[in-house]
Amino acid sequence: MTSPITTRREGDVLVVLSNNPPVNALGAAVRQGLDKAIDEAAADDGIKAVVIACEGQTFFAGADITEFGKMMAEPSLPVLVDKIEASEKPVIAAIHGTALGGGLEVALAAHYRIAVPSAKFGLPEVKLGILPGAGGTQRLPRVAGVEVALEMATKGDPIPATKAKDAGLLDRVTDGDLLTDAIAFAREVADARPLPRTSEAPVTLDPAVVEAFRKTNARRFRGLDAPNEIIEVIETTAGKPYAEGVQRERMGFMKLVMGKQSAALRHIFFAERKASKIDDLPEGTQPREIKRVGVIGAGTMGGGISMNFLSAGIPVMIVEMQQDALDRGTGVMRKNYEATAAKGRMTAEQVEGAMGLLKPTLSLDDLADCDLIIEAVYESMDVKKDIFGKLDTIAKPGAILASNTSYLNIDEIAAATNRPQDVLGLHFFSPANVMKLLEVVRGAKTAPDALMTAMAVAKKIKKVAVVAGVCHGFIGNRMLMPRQVEAMNLLLEGATPEQVDRVHVAFGMPMGPFQMADLAGVDIGWHRDPTRIESIRDALAAEERWGQKKGKGFYDYDEKRQPSNSPRVAEIIEDFRQKTGTPQHEVTEDEITERTLYTMVNEGARILEEGMAQRASDIDVVWIYGYGFPPYKGGPMFWADQEGLPKIVAGLEKHGFEVAKLLRDKAEKGEKFN
Ligand code: T1G
């Protein structure tokens, strides 16, 4: 097996190149090759300096995550980076793409670092629930200072080359040919002594800085093992000898990598990428080209959907029936962009650029040359069928016709056209320009290339796409239903909205079922007849307790939208308990978990049984990117695996639920979903 590492002499410089697609992950073969190359340089008197560089998309993007949990082949990354630094001949890291995790640690162990302007530098280990385990917690504070190190290591976001140079991470940024300039740089420093070894640099620790950082981020890091451990490691090792510091780093790494949170976060890392693959597409299926998009409806969803494409530089023709609705919709889009620009996340030119790609119109006919048309109008099957019937004659052959429906039957909508092969669902989550999840709903007759096009478009507009089958609510909303039904039942049986929500927030959800209802709108899907009161929700809606937008819903809200428990809601609930004669009991937290979270897992099992999701990990991705399920729990199916499926089955049976066959089978066989 040829090594991914090759070496060649450029005069007295040894050029060490890694070619390990797709991201030059520092797997065993790469480490062994680098190890050999350092030995080769040391043994050859004709070599005066070494350049380490990578072919392809990027400099080393970190350790090979697929190796975690397995026996690590020698040399380990910590041993390798120390060997690089110990080299008696200067080692220059030539960086392009993203030097991430172990990749940045290799660069920090080199004596010098040169990069192209577009290069990025980061320690994303924390996003995998671990910490920089190859000297990063020791070298980064020494090179860039404790504050920068804390920020980078606990948040995991990469910084650009300019910032890296200012922080002292980089010696040079070159606009020229990276390898040529790196070799020239190597020649310049070939005789420079002493060699700058980052592990020998001093580090100053101001305890107040760490304390302030810890306080500022307390909420953000609450319940998360990795960032808190990283703060601990950096704080307790700063100022100590490097050898001692790496020991403590190693301990922290081992503790985290064996932990549940890291297992969950690594699961999601791969699950997100697996979700973009469709297992049963015919070989050679190619996506169609999408140059121009049409959006029907300029309301909240239509506007948000349009922004995704405009921000990706794709022109959008947006259609409304009335001029004032069209103006309102495009006005909201501009306002949203300007708000982003005000936060410094966009320039004014970029706002104009995006809005310049938007063409508002009142006529569906103007969508004739769109390659993709997305309908985002009122959730009425009749309205949608009417629109798709018209699109059938207006849209050009091969145009993909998508509905943003959140639960209606895509096959029924497709049947309103003579081109069901071009019809699918693109279910965006509100706010559509913010939420990353996109459910791609595959109709019975959706063509393979249409489906592949949807997945390619999702990647282009930076969405995380998951393929769903045609069923009520697809994947996410279908699992939400039993959760909401049981949450309402619990109110009738003695629980309060606050008690149910508290269990969910303690679990790690951003909000509980009732907080979510107040945010989304208690009146969503309400029959709007205030005289027809058949549920607690009807009663609230009838009194215009429609949620935050009305200052009252399941909770009362002050002018800053701060919630408080509502005596009126308690009365309404009590009234319903009386009217329905529901037996009351002391509702426990376990019962809330079993009836609102285990039931979601049960529905997820049914979704898998029916083939409405390709894999359990897809369901996890839906919940993490669509509903804020805590990533450090890996998603509902992964979490159920960690809880133990027999425990889930027992919890469901305790409350008389019918257990999905797949769940019961797996529990009985000791199997897992993932
Ligand atoms: N290990 C193994 N496979 C990886 C990988 C990695 N580090 N990074 C990416 N892949 C695979 C990915 O699964 C996908 O596979 C393909 O590469 C393309 O990825 C000791 C312990 C670099 C910004 O966390 O952030 O170093 O689906 O679709 O959008 O301190 O990949 O094609 O089969 O994401 O161009 C730290 C993780 C590791 C970086 C490129 N490093 N990767 O994004 O491509 S821990 C990371 C990324 C560590 C040390 C510690 C991104 C990217 P497939 P992709 P992309």
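What you see is a predicted model; the values in this text were computed from it and never measured.

A word on the sheet that holds strand 8 (residues 159-160)
Part 1: Read from one edge of the open sheet, three strands run 5-7-8, paired in mixed fashion. Single-partner strands in this sheet number two, and they are strand 5 (98-100) and strand 8.
Part 2: As paired elements, strand 7 (residues 120-122) and strand 8 share two bridges and run antiparallel to each other. Looking across to strand 8, one finds that K120 is bridged to P160.

Some details on the site of the ligand
Part 1: By nearness alone, 29 residues border the ligand, and A63, E105, E125, R273 and K277 come closest of all.
Part 2: Within the side chain of R273, an N or O atom sits 2.8 Å from an oxygen atom of the ligand.
Part 3: Relative to its unbound accessible area of 990 Å², the ligand is 74% covered by the protein chains.
Part 4: Elements supplying a minimum of two residues to the shell around the ligand: strand 5, helix 3 (102-109) and helix 12 (260-275).
Part 5: Take the shell around the ligand: its biggest share by element is three residues, from helix 12.
Part 6: Split into classes, the residues belonging to the shell around the ligand amount to 17 nonpolar, six polar and six charged.

A short note on the UniProt feature "domain: 3-hydroxyacyl-CoA dehydrogenase NAD binding" (unreviewed entry) in the protein
Part 1: According to UniProt, the positions carrying the feature "domain: 3-hydroxyacyl-CoA dehydrogenase NAD binding" (unreviewed entry) are residues 293-468.
Part 2: The span residues 293-468 carries 41% helix and 20% strand; its end-to-end C-alpha distance comes to 22 Å.

Things to note about the domain arrangement of the protein
Part 1: When cut into domains, the protein gives domain 1 (5-257), domain 2 (293-471) and domain 3 (495-583).
Part 2: A straight line from the C-alpha centre of domain 2 to that of domain 3 covers 32 Å.

Structural notes on the packing of helix 25 (residues 616-627) against helix 26 (residues 636-643)
Part 1: It is the contact of helix 25 with helix 26, at a shortest axis distance of 6 Å, that shows an interaxial angle of 115 degrees. As the angle between them shows, helix 25 and helix 26 are arranged roughly perpendicular. Each of A616, I619, D620 and W623 in helix 25 lies in contact with helix 26, whose residues at this interface are P636, M637 and F638.
Part 2: Residues that form the contact of helix 25 with helix 26 fall into these classes: six nonpolar, no polar and one charged.

Thoughts on the sheet that holds strand 1 (residues 5-10)
Part 1: Here six strands make up an open sheet; going across it, the order is 1-2-3-4-6-9 and the pairing mixed. Looking at the sheet topology across the chains shown, the edges are occupied by strand 1 and strand 9 (172-173).
Part 2: Direction of pairing for strand 4 (residues 91-95) relative to strand 6 (residues 112-115): parallel, over a ladder of four bridges. Following the sheet pairing, I92 is matched in strand 6 by Y112.

Notes on unusual backbone geometry
Part 1: Look at the link from P21 to P22: it is a cis peptide, with omega at 5 degrees.
Part 2: One non-glycine residue, F474, lies in positive phi territory at about 55 degrees.
Part 3: Along the polypeptide, F474 turns up in the loop between strand 17 (464-468) and helix 19 (476-493).

Rules used in this analysis
- Residues numbered from 1 in each chain as written.
- Predicted model: local features only at pLDDT ≥ 70, side-chain atom pairs only at ≥ 80, totals over all residues.
- Heavy atoms only, no water.
- Pairing = 2+ DSSP bridges.
- Helix = DSSP H or I, 4+ residues; strand = E, 2+ residues; numbered from the N terminus.
- Near = heavy atom within 4 Å.
- Polar contact = N/O pair within 3.5 Å; in protein donor to acceptor, adjacent residues only side chain to side chain.
- Areas by Shrake-Rupley, 256 points an atom, 1.4 Å probe, with all protein chains shown as cover.
- Nonpolar A, V, L, I, M, F, W, Y, C, P; charged D, E, K, R; others polar.
- UniProt positions renumbered as here; feature names shortened; annotations may be inferred.
- Domains from an automatic or database assignment.
- Axes fitted to C-alpha atoms, helices over the stretch in contact; angles between N-to-C directions.
- Parallel < 35°, antiparallel > 145°, perpendicular 65-115°, else oblique.
- Contact = heavy atoms within 4.5 Å.

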